[in-house]
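Summary of the model geometry
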Amino acid sequence: MKIHNYNITHCKLINSIIQRFCWIKFFIFNNDFCSNVVLDKCSIIFLCNLNNKCLLLKFVNKFFKLLLIPFSLIILYVVSPSFISIIYAEVFEFNAEDYYASDQSISEKNPANSEDIDKENCINNQIQAVLSSNGDLNSDPYSSEFHFIKKFDRDGNLIGSWGTVGSNDGQFLHAHGITIDSQDNVYVSDAENCNIQKFDKDGDFITKWGTKGIGPGKFLQPESMAVDSLNNIYVAEYSRKNIQKFDSEGNFITMWGQEGSGEGEFKKPWGVALDSKDNVYVSDQTLPRVQKFDSDGTFIDMWGKEGKKKGQFVHQHDITVDSNDYVYVTDGRENSRVAVFDINGNFLKHWGSEGKDKGQFIENHGIVVDSEGNVYVVDTRNVRVQKFDSDGNFITMWGSLGCKDNQFLIPHDIAMDSEGYIYVTDSGKSHFRADYDCNNAS
């Protein structure tokens, strides 16, 4: 056996290395004398033990690597849906506390039968919407003559109608917003079925999308809509304070907005419209202003403040942009008028006042402008549509209270196709018409 010349310093160094292995420690030192034989044996034991520990560490390392695969898959399964939704929604920020919090001040500001109550309007069972006021399931509060969509020519002559009560394809519980694309396809939002339905110009059903819920492609109270040059659809989500954008087949593209009073924030977004460059204009029912965005939701500008002077608002409803890029806003309460601006928010003119005479309104809602500059305004509480020239001079009007196709219960929104035909949504037996009985109407 080879003899090593270990001195005391060497022995102390070796001792410091192997002192953790207490079961061999007593072999090492004896009054500062190192036994070469003992040291050789200890070295062999130490190296062998070290090798075993290395093998153990390698085994543990491989074991944890194997565990990492299923663990990663579990984490991916749990986290990825929420993460993908956040990425897909782009600038949309979901705040659960904001969405589920109740607004106790709403009942104080709005009457119980007001259409302006900020609530989850969508329901889970269509029977809730078609019950008569006395709760009799066997009675029908609608007559067979009632339809939710009504089509007229520019003079108010009835052309056609469609949409009966229900939740099936082509049916409605609360028809609200309406818009028309370049192919004359008609899109209608339903504030209680919580969906968007697409029809051809004759009312034949094509497709629909949307369900009750929060997030991309889901609604709690879809309101007005608009179409851009590529036939993308923009929907104002009244309850959830955002704008959602879809292609013409209902595939979600993006969304923006949250509750607040800052740039790009809303209190009650109601109307939405686009100009010739696909800039998006949004009217806010509670915040007296109009906001302007690009087609992806990037904030550009805003204007308006509360008041009754020129360019001011009290209770905005809908908004539209004509072929000359003039912006028209219906200010539906107290002011009861139509205000006109250029695309930079400079005030141009307004007309109208509260009342029942020609040129007056009680809660004017939807608005559209034809190729000649004539303006059509839905006068909701007066159950009629009024037509004006480009300067606001009264031309004609049509409509009365009732369930026939040339009548209205709650006329709401309005749109025009490429041939100049006018489409009006009737919200039917809801809000202040909830107890109206079509069968016993005079």
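In what follows, the accompanying structure is described. Per chain, residues are indexed from 1 in the order of the written sequence. Local features in this predicted model are restricted to residues of pLDDT 70 or higher, and side-chain atom pairs are both shown and tallied only at a pLDDT of 80 or more, whereas totals for entire chains, interfaces and linings draw on every residue. The basis for the side-chain values is all heavy atoms of the structure; hydrogens and waters are excluded.

1. Thoughts on the sheet that holds strand β16 (residues 299–303)
One open sheet holds the four strands; their spatial order is β13-β14-β15-β16, and the pairing between them is antiparallel. Each of the sheet's edge strands pairs with one partner strand only, and the pair in question is β13 (269–274) and β16. Within the sheet, the average angular offset between the axes of one strand and its neighbour, ignoring direction, is 20 degrees. Pairing geometry for β13 and strand β14 (residues 280–284), over five bridges, is antiparallel. Its bridge partner lying in β14, P269 is registered against D284. Here, strands pair whenever DSSP counts at least two bridges between them. The helix count covers DSSP runs of H or I at least four residues long, the strand count covers runs of E at least two residues long, and both are numbered beginning at the N terminus. Working convention: axes come from line fits to C-alpha atoms, limited for helices to the stretch in contact. Angles between N-to-C directions cover 0 to 180 degrees.

2. Quick look at the pairing of strand β15 (residues 290–293)
Burial here depends on accessible area, computed with a 1.4 Å probe over protein chains only, as a share of the maximum for the residue type. Under 20% is buried, over 50% is exposed, and the range in between is partly exposed. Burial of β15 is two-sided: the residues V290 and K292 facing one way and the residues Q291 and F293 facing the other way are all buried. Across four bridges, the pairing between β14 and β15 is antiparallel. Directly across from V280, in β15, lies its bridge partner F293. Two successive antiparallel strands, β14 and β15, enclose a turn made up of five residues. With four bridges connecting them, β15 and β16 associate as antiparallel partners. Paired with V290 across the two strands is W303, which belongs to β16.

3. A short note on unusual backbone geometry
Backbone geometry at D184 places phi at a positive 65 degrees, although glycine is not the residue there. Mapped onto the fold, D184 is located in the loop between β3 (175–180) and β4 (186–190). Overall, the relative accessible area of 8% leaves D184 in the buried class. Here V383, not a glycine, exhibits a phi torsion of approximately 45 degrees, which is positive. Residue placement: V383 occurs in the loop between β22 (375–379) and β23 (384–388). Overall, the relative accessible area of 7% leaves V383 in the buried class.

4. Quick notes on the sheet that holds strand β10 (residues 233–237)
Strands belonging to one sheet form pairs held by backbone hydrogen bonds; the direction of such a pair is parallel or antiparallel. Spatial ordering of the open sheet is given by β9-β10-β11-β12, a layout of four strands whose pairing is antiparallel. Of all strands in the sheet, those bounded by a partner on one side alone are β9 (222–227) and β12 (252–256). Put simply, the sheet's adjacent strands are angled 20 degrees from each other on average, direction ignored. Summarising the sheet, β9 and β10 pair through four bridges and their orientation is antiparallel. Bridging from a neighbouring strand, A226 pairs with Y234 of β10.

5. Details of the environment of K208
Inspection of the secondary structure puts K208 in strand β6 (residues 205–209). A C-alpha to C-alpha distance of 9.6 Å links K208 and S189, two positions 19 residues apart in sequence. When checking whether two residues touch, look at their non-hydrogen atoms; a contact exists if any pair is within 4.5 Å. Those residues in contact with K208 that lie beyond four places of it in its chain are S167, N168, D169, N195, I196 and Q197. A polar side-chain atom of K208 sits 3.0 Å from a polar atom in the side chain of D169. Whenever a nitrogen or oxygen atom comes within 3.5 Å of another N or O atom, the pair is scored as a polar contact, on the condition that within protein one atom can donate a hydrogen and the other can accept it, and that pairs from neighbouring residues in sequence are kept only if both atoms are in side chains.

6. Description of the nonpolar core
F148, I149, F172, I178, V186 and V188 are the most contacted members of the largest nonpolar core, which totals 18 residues. Among the elements that make up this core, the one with the highest residue count is β3 (three residues). Setting aside anything within four residues of it in sequence, one finds V188 in contact with I149, F172, A175, H176, G177, I178, N195, I196, Q197, F199, M225 and T425. What makes a nonpolar core is a set of buried Ala, Val, Leu, Ile, Met, Phe, Trp, Tyr and Cys residues whose side-chain atoms join them at distances within 4.5 Å.

7. So, the layout of surface pockets
Both site types are read off a 1 Å grid over the protein atoms alone. A 1.4 Å probe that fits but cannot get out defines a cavity, while an open set with protein on both sides within 12 Å along at least five of seven lines defines a pocket; lining residues have an atom within 4 Å of a point. Grid points are joined across faces, edges and corners, and a volume is the space filled by probe spheres set on the points. Space inside the largest pocket adds up to approximately 960 Å³. Along the walls of the largest pocket sit 39 residues, with I180, V227, T320, V321 and M416 positioned nearest its centre. When contributions to the lining of the largest pocket are tallied by element, the ones reaching two or more residues are β3, β9, β13, β17 (316–321), β21 (364–369) and β25 (411–416). Each residue is assigned to one of three groups, with Ala, Val, Leu, Ile, Met, Phe, Trp, Tyr, Cys and Pro labelled nonpolar, Asp, Glu, Lys and Arg labelled charged, and all others, Gly among them, labelled polar. Tallied by class, the residues present in the lining of the largest pocket amount to 16 nonpolar, 11 polar and 12 charged.

8. Remarks on the packing of aromatic side chains
For any pair of aromatic rings, geometry is given as the distance between the ring centres together with the angle between the planes. Each Phe, Tyr or Trp ring (for Trp, its six-membered ring) is paired with any other whose centre lies within 6.5 Å, and the angle between the two planes then decides the class: stacked below 30 degrees, edge-to-face above 60, tilted in between. Inspection of the entire model under this criterion finds 24 aromatic pairs. Through successive ring pairs, a cluster of aromatic residues spans F146, F148, W162, F172, F199, F205 and Y423. As a reminder, the over-ring test applies to NZ of lysine and CZ of arginine, requiring each to be within 6 Å of the ring centre and within 35 degrees of the ring normal. Positioned above the aromatic ring of Y421 is the side chain of K151, whose terminal nitrogen or guanidinium carbon lies 5.0 Å from the ring centre. Its guanidinium or amino end placed over the ring of F432, R381 lies 3.8 Å from that ring's centre, counting from NZ or CZ.

9. Some thoughts on the side chain of Q407
Here Q407 lies in the loop between β24 (394–398) and β25. According to the relative accessible area criterion, Q407 is buried, its value standing at 16%. Here L401 takes part through its backbone oxygen, which lies 3.3 Å from a polar atom of the side chain of Q407. In terms of polar contacts, Q407 uses its side chain to reach the backbone amide nitrogen of C403, at 3.4 Å. What Q407 contacts, discounting residues up to four positions off in sequence, is K150, S400, L401, G402 and D426.

10. Considering the pattern of salt bridges
Every case where a carboxyl oxygen of Asp or Glu lies within 4 Å of a side-chain nitrogen of Lys or Arg is listed as a salt bridge. Taken as a whole, this structure holds 12 salt bridges when the rule is applied. In this structure, the salt-bridge partner of D426 is K150, at a minimum N-O distance of 3.3 Å. Taken together, the residues D426 in strand β26 (residues 422–426) and K150 in strand β1 (residues 149–152) connect sequence positions 276 residues apart. The class for D426 is buried, based on a relative accessible area of 0%. Salt-bridge contacts for E249 lead to K198; the nearest nitrogen and oxygen are separated by 3.3 Å. With E249 in the loop between β11 (242–246) and β12 and K198 in strand β5 (residues 195–199), this residue pair connects regions lying 51 residues apart in the sequence. Its relative accessible area of 46% is what places E249 among the partly exposed residues.

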